[in-house]
Amino acid sequence: MGARHLSLRRALPLGVLLVFGLLLATFHAIDVRNAERHVIERASADALLQVEHMARSAQRDLLRDPAAVGADLSVAATEPRLRVLAVINADGGVELAHRLAWQGHAAADVIPGFSTGWFNQVTRGRQPELQVDKASRRVRVLAPYFIVFEGPVLRSTARGAVFLEFDLTHEYELVKYQTLQHLLIQLLIVSALSAVLGWLLRRHVAQPLADVEHSVNQLAARPDAALRAPEKGPKEVVALARGFNRMSERIHQAQMQLEHSRARNAAILETALDAIITVDRQQRITDMNPSALSMFGYAAHEIVGQPVHELLPERFRSGHGEQMKAFARGTESHRAMGRQAAVFGRR
């Protein structure tokens, strides 16, 4: 079975739509990635601000006014992205947390994602540290604070830390929803543009080519007809149609000349007084003029298609076929057989 080919009038709009679709998919992926990066950057900045505020509050009031620190923690816990917020003392225990059940327990035992090694590393320094886990969509911040005692010692070397974690799952889903909305609008616009572009391509490219194709098929079915393809469409299609029209005109002229030659030959054969016999490569008779039919006493339907040696006596048949083959292979325009000699036939 032959391969099935898609017509140009369908392939062009589909190709345009496919290209636009790939571009939209690429731009959508870039938009999602940029939006997710913006979500992480914004969440990281907000988390650092909140954890530094809580660290200052804990350093200032944890020992003398823990209720004030608790109030600040309660306000911070209203953040929709918040998953964990805890004030941790120097021993790694939870002093305050957005979940009361965690207070008084070791942070490593009750807080998911808390690392004692990370806590020790951060409390030895002065700057908060940020961790971003894109796989779980989490942002974690651990900020150190000094534990201030009442009395002559204003600041001790003991340090605690404030642990905060944001869950960005909702933010990510919101980003996907918003980008999908934008993609839907873009798809509608692209579909409309593709429909218009497809219509233009079909009208000005595919249809003129289809007209040329129709003319070619008609010429194949009727090579004697003088056919012309419409010369319309883009420059390349017009040039193709003009080339076809020139070819069609030349074929028509050649057909007319061939018909004229055939008619002239037929007239010569019909009116010739000499017997003229036409044979094919298999040495079968294809035509005999009236003089030949009269000479041998046959009707046309009786002898046409028969081997030419039917017209020869038995004694001349064996060598006649080879002589004709040799003549066909040669370059001479006439045969030597019969020159100044009698040619024998059989009625």
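Note that the structure is a prediction, hence the values are computed from the model and not measured.

A. Structural view of the overall build of the protein. From N to C terminus, the protein includes nine helices and seven strands. Looking at the 347 residues of the protein, the share that counts as buried comes to 31%. A fraction of 51% describes how many contacts in the protein between residues 6 or more apart in sequence connect residues 24 or more apart. In the form shown here, the protein has an accessible surface area of approximately 22,300 Å², with 57% of it arising from carbon and sulfur atoms.

B. Representation of a nonpolar patch on the surface. Residues Val19, Leu23, Phe27 and Ile30 make up a contiguous nonpolar surface patch of roughly 340 Å² in combined accessible area. Here Val19 is to be found in helix H1 (residues 8-61).

C. Representation of the packing of aromatic side chains. On inspection of all chains with the given rule, the structure shows three aromatic pairs. Look at Phe114 and Phe163: their rings are 5.7 Å apart centre to centre, the planes differ by 85°, and that puts the pair in the edge-to-face class. Residue Phe114 is found in the loop between helix H3 (107-110) and helix H4 (116-123), and its partner Phe163 is found in strand S5 (residues 159-167); the two are separated by 49 residues along the sequence. There is no split in this pair, since Phe114 and Phe163 are both buried.

D. The arrangement of the environment of Trp102 in detail. By the element assignment, Trp102 lies in the loop between strand S2 (94-97) and H3. When the C-alpha positions of Trp102 and Ala86 are compared, they lie 8.7 Å apart, and in sequence the two are 16 residues distant. Sequence-distant contacts of Trp102, defined by excluding residues within four places in its chain, comprise Val84, Val94, Ala97, Val110, Ile111 and Pro112.

E. Layout of the layout of surface pockets. If you add up the space inside the second largest pocket, you get close to 230 Å³. Taken together, 13 residues line the second largest pocket, and the ones lying closest to its centre are Ala55, Gln59, Arg126, Pro144 and Tyr145. Residues that form the lining of the second largest pocket fall into these classes: six nonpolar, three polar and four charged.

F. Highlighting the environment of Arg228. Turning to its location among the elements, Arg228 is positioned in the loop between helix H5 (169-221) and helix H6 (235-271). For the pair formed by Arg228 and Gln218, sequence separation is 10 residues and the distance between their alpha carbons is 10.0 Å. Apart from the residues within four sequence positions on either side, Arg228 is in contact with Ser215 and Asn245.

G. Quick look at the nonpolar core. Counting residues in each nonpolar core, the largest one holds 28 residues, and the members touching the most others are Leu85, Val87, Tyr145, Val162, Phe166 and Leu168. For this core, the elements supplying multiple residues, two or more each, are H1, helix H2 (66-76), strand S1 (82-88), strand S4 (138-146), S5 and H5. Ranked by the residues each element gives to this core, the list is headed by H1, at nine residues. Once residues within four sequence positions are removed from consideration, Leu168 is found in contact with Val39, Ile40, Ala43, Arg81, Arg137 and Val139.

H. Representation of the pairing of S1 in the model. Counting buried positions along S1 gives six out of seven residues, so the element sits mostly inside the fold. In terms of strand pairing, S1 meets S5 through six bridges, oriented antiparallel. The residue bridging Ala86 from the neighbouring strand is Phe163, located in S5. Relative to S2, S1 runs antiparallel, the two being bridged by three bridges. Residue pairing across strands places Ala86 opposite Ala97, the latter belonging to S2.

I. Region of the structure containing the pattern of salt bridges. The full count for this structure, using the stated rule, is 10 salt bridges. Across the salt bridge formed by Arg81 and Asp46, the nearest N and O atoms sit 2.7 Å from each other. Note that Arg81 is positioned in the loop between H2 and S1 and Asp46 in helix H1, a separation of 35 residues in sequence. We classify Arg81 as buried; its relative accessible area is 9%. In this structure, the salt-bridge partner of Asp167 is Arg138, at a minimum N-O distance of 2.8 Å. Residue Asp167 is located in strand S5, and its partner Arg138 is located in strand S4; the two are separated by 29 residues in the primary sequence.

J. Just H2, in detail. What H2 keeps buried is the set Val69, Gly70, Leu73 and Ala76. Each buried residue of H2 sits inside an arc of 120° when the element is viewed along its axis, so together they form one side. Exposed residues lying more than 90 degrees from the buried face of H2 are Ala67 and Val75.

K. Region of the structure containing the pairing of strand S3 (residues 129-133). Two strands pair when backbone bridges link them, and S3 and S4 are joined in this way by five bridges, in the antiparallel orientation. Its bridge partner being in S4, Glu129 is matched across the sheet by Leu142. Turn length for the S3-S4 hairpin, with the two strands adjacent in sequence and antiparallel, is four residues, and the turn residue Arg137 shows positive phi of about 60°.

What counts, and where the lines are drawn
Residues numbered from 1 in each chain as written. Predicted model: local features only at pLDDT ≥ 70, side-chain atom pairs only at ≥ 80, totals over all residues. Heavy atoms only, no water. Helix = DSSP H or I, 4+ residues; strand = E, 2+ residues; numbered from the N terminus. Buried < 20%, exposed > 50% of the residue type's maximum accessible area, 1.4 Å probe, protein only. Contact = heavy atoms within 4.5 Å. Areas by Shrake-Rupley, 256 points an atom, 1.4 Å probe, with all protein chains shown as cover. Patch = residues over 30% accessible without salt bridge, like charges linked within 9 Å, V, L, I, M, F, W, Y side chains within 5 Å. Salt bridge = Lys/Arg side-chain N within 4 Å of Asp/Glu carboxyl O. Phe/Tyr/Trp six-rings, centres within 6.5 Å; stacked < 30°, edge-to-face > 60°. 1 Å grid on protein atoms, 1.4 Å probe; cavity = no way out; pocket = protein on both sides within 12 Å on 5 of 7 lines; lining within 4 Å. Points joined across faces, edges and corners; volume = space filled by probe spheres on them. Nonpolar A, V, L, I, M, F, W, Y, C, P; charged D, E, K, R; others polar. Core = buried A, V, L, I, M, F, W, Y, C linked by side-chain atoms within 4.5 Å. Pairing = 2+ DSSP bridges. Arc of directions from axis to C-beta.

Any functional reading would require information that these geometric values do not contain.
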